Amino acid sequence: VGSGSAVSLSRQVQGTGGSSAVSKCSAAARGYIHDRFLRLLAGRRRRRAPLIHRGYYIRARAVDHCVQDFLLKTQSLPRTQILSLGAGFDSLYFRLKDMGLLHHTVVYEVDFPNVACQKATLIKGMKELSALVGDTGEKGLGAITFSGGDYKLLGADLSELSELERILEEAGLNNEIPTLFIAEVVLTYMENPRSDALIQWAAEHFPQACFLLYEQVHPEDAFGRVMQQHFRQLNTALHSLAQYPDCEAQQRRFLGKGWTECSVMDMNEFFTCCIPEDEQQRVQTLEPFDEYEEWHLKCSHYFVLAASKGMEPPWTPLLPSVTVPRCAGPVGVAGSVPAAVCARLSGIPGLRRYGHHSVLIKPNVILTTGGFGEEDGQHCRMRNFHVLRKQAGYWEAVCVTQNIPDKRWGERLYHTVSCLSDTLALVVGGRTSPSSAGLGMLWLKFPTTCNASGPDDVAVELVSLQPAAEAALLRWRHSTTEMTFKGEQYLFVYGGRSALEPVLGDWIFLHTPELSYTVIAVEGPVPESRHSHSACSWKGGVLIAGGLGAAEQPLGSVFFLREVDHGFRWEMIETHPPLVPRYSHTAHVHEGKLLLVGGVWFHASSVPGVTVIDLMTGLCLDYVINVEHLEWPLMLHNHSSIFLPNEKELLVIGGGGNCFSFGTHLNPEPVLMSLSSILVSH
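This structure is a prediction, so every number in the text was calculated from the model and none was measured. (Residues numbered from 1 in each chain as written. Predicted model: local features only at pLDDT ≥ 70, side-chain atom pairs only at ≥ 80, totals over all residues. Heavy atoms only, no water.)

1. Considering the overall build of the protein chain
Of regular secondary structure, the protein chain possesses 16 helices and 39 strands. The C-alpha extent of the protein chain, read off along each of the three principal axes, is 85 × 50 × 50 Å. Buried residues in the protein chain amount to 59% of all 682 residues. Taking all contacts inside the protein chain whose residues are at least 6 apart in sequence as the whole, residues at least 24 apart take part in 67%. By element, 53% of the accessible surface of the protein chain is carried by carbon and sulfur atoms, the whole surface being about 27000 Å². (Helix = DSSP H or I, 4+ residues; strand = E, 2+ residues; numbered from the N terminus. Buried < 20%, exposed > 50% of the residue type's maximum accessible area, 1.4 Å probe, protein only. Contact = heavy atoms within 4.5 Å. Areas by Shrake-Rupley, 256 points an atom, 1.4 Å probe, with all protein chains shown as cover.)

Structure representation (structure tokens):
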């Protein structure tokens, strides 16, 4: 790299530090982290989204967890030191000092010289900060931009190891005492040989040391590709990922560079195992939140690693009261399903959306409503209805006009649509923003003259029910399933969430078509409350699978609501091997097999493809989706899917979401998956 481009690259990397300080400051302002020093160091203020707040909260907790553990385990020793690499405008020193935790510890911070100078100027200019350090009033000497009794701020390029070593020695770093190294999203910006050399240098020169690393992982799945693309566009490529793509590779890296112990976990595991339950609940209720998929995907793409040598590792996971099984090893894969772009549907506006609902309103006619997506180049809640029809073997888009009495009723996410006849469908629930109440029901009426070409206009009417039933149906991320009882048709509305309840476990029977609210006796083990599950009609009853449970943990249970003489009974379907817990998937039943499509799970080594459960034997087989013919990342959550039994094909419409701070990804076009090879009748 020529020196000019090296300078511009260092400037881009520094930009990530500034942006991170602003995000941490916003998270502190909303009560996620308790840190009064962030606002003094962040400079500009900007309010970030709840998803960003959670992301920076978990990062801060992981670092604090290890730092405080290190200080606790070394508190009886006369002297220790912390070396924060690429510290940026971090407030760690000031927090620890304020809490009285630095009686015998010196904190060294290193960053690019101009960042260190800016921070030194900030500290000197603010009484609240300089008083804590005890400003010696000395001018910064050479690379030491600020020096206090237990705090040294140094300007150096981490990739120039011999120069870094010289500066640290000059500042008084002592390699004979226990040392904690912290690298919070910093080594990945360096070329691998240089970051490897730094990791090895730390192990070789410090007989008693711990190393804390927080970084990205899993570059090759859809979320990982969007994440990489974001950093490439910022001109700050993530170098570690190609060589160290997963937690195990990072662990091998440290053990191979001289560290004797090394434990690593992704942030889903950290949140579940290292954060007490009451604290989890506190964070989950700080702001209205409905981006679970993106939160869990973000957490599966970051990890925290703690390595040590010559001393106990800084790691004490709290044993959760509910043990979450760590998914060891990859999911067993029974085969693969080919995915291809649906011919003639590329570039059609209106299908780039998520949180929508698609339904077959008659053979070969699919209606898609609601969701969040792209309209006229803008991201917004989608008002337009969209119809696909199949003619001469090809799907094509049909323009639809809709007559909506109040536009708010059209802009909904996470609703359901159930077809009651060729001319009538019912919309249940959905929301606009997660802080507002759920939305009421709508009738969608298609013209009777409507032929196979699909409706060219849809009348929309509000539905009025008894007030009690209406209030109970204000929910989203629920399911609505057609079923029969004593030969009569019903809709079964189950689960979901509301503005007041983060997860619901109740159900409602609606007799169709007049929608009378009916009480029917139900016995058996009641499924745990859930939303974002799947529900299918089967044998007159309902199959419920997966979902997100009360503690924002994915569920792996499958229940069948079976008709009995006097009502219904819940029965649990045992699967073997056990179904990997997941949510935000879609589901279909075909010839006694339950098909689960996509979704989100905590099993970071792969993404959910298509799972086939034999409802007679409980055999559960996972198939990966072969995406080699797609030119873009396929995100299979918040999508909709239509199963075409004659062709044994699955048409996936939309899907995607807001990928943390990396931008919104919308699957650009519908995808066809051929299931004929996995649905062979035995």
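2. Some thoughts on the sheet that holds strand β13 (residues 372-375)
The strand order across the open sheet built from 3 strands is β10-β13-β14, with neighbouring strands paired in antiparallel fashion. At either margin of the open sheet sits one strand with a lone partner, and together these are β10 (353-354) and β14 (378-381). Sheet analysis places β10 next to β13, joined by 2 bridges and oriented antiparallel. Its bridge partner lying in β13, Y354 is registered against F372. (Pairing = 2+ DSSP bridges.)

3. Re the sheet that holds strand β12 (residues 365-369)
The antiparallel open sheet is built from 4 strands, whose spatial order is β11-β12-β15-β16. Two strands lie at the open edges of the sheet, namely β11 (357-362) and β16 (394-398), each paired on one side alone. The sheet shows a mean angle of 25° between the axes of neighbouring strands, direction not considered. Where β12 and strand β15 (residues 386-391) come together, 4 bridges link them in antiparallel fashion. Bridge assignment links T368 to a residue of β15, and that residue is H386. (Axes fitted to C-alpha atoms, helices over the stretch in contact; angles between N-to-C directions.)

4. Focus on the pattern of salt bridges
Across all of its chains, the model carries 35 salt bridges by this definition. Residue K24 is joined to D90 by a salt bridge in which the shortest nitrogen-to-oxygen separation is 3.2 Å. Separated by 66 residues along the polypeptide, K24 in helix α1 (residues 3-29) and D90 in the loop between β1 (80-85) and α4 (92-98) bring together distant segments of the chain. Of the residues examined, K24 reaches a relative accessible area of 8% and is grouped as buried. (Salt bridge = Lys/Arg side-chain N within 4 Å of Asp/Glu carboxyl O.)

5. Regarding the side chain of T74
The topology assignment puts T74 in the loop between α3 (50-73) and β1. Judged by relative accessible area, T74 falls into the buried class, the value being 1%. Not counting the four nearest positions on each side in its chain, T74 is found in contact with T80, H104, P178 and M311.

6. Describing the domain arrangement of the protein chain
Domain boundaries in the protein chain define domain 1 (2-309) and domain 2 (333-448 + 456-674). For domain 1 and domain 2, the distance between their C-alpha centroids amounts to 41 Å. On the domain 2 side, the residues contacting the 31 residues of domain 1 number 36 residues. Each partner contributes to the roughly 2800 Å² buried at the junction of domain 1 and domain 2, and carbon and sulfur atoms together form 61% of this total. Looking only at domain 1, the three residues that lose the most surface to domain 2 are D290, Y292 and E293, adding up to 23% of its buried area. The interface formed by domain 1 and domain 2 holds 16 residue pairs in polar contact (both at pLDDT 80 or more) in total. Mapped onto the side of domain 1 that touches domain 2, the elements with two or more residues apiece are α3, α9 (222-233), α12 (267-274) and α14 (292-300). The element best represented in the side of domain 1 that touches domain 2 is α14, accounting for 8 residues. (Domains from an automatic or database assignment. Buried area = accessible area lost by both parts, 1.4 Å probe. Polar contact = N/O pair within 3.5 Å; in protein donor to acceptor, adjacent residues only side chain to side chain.)

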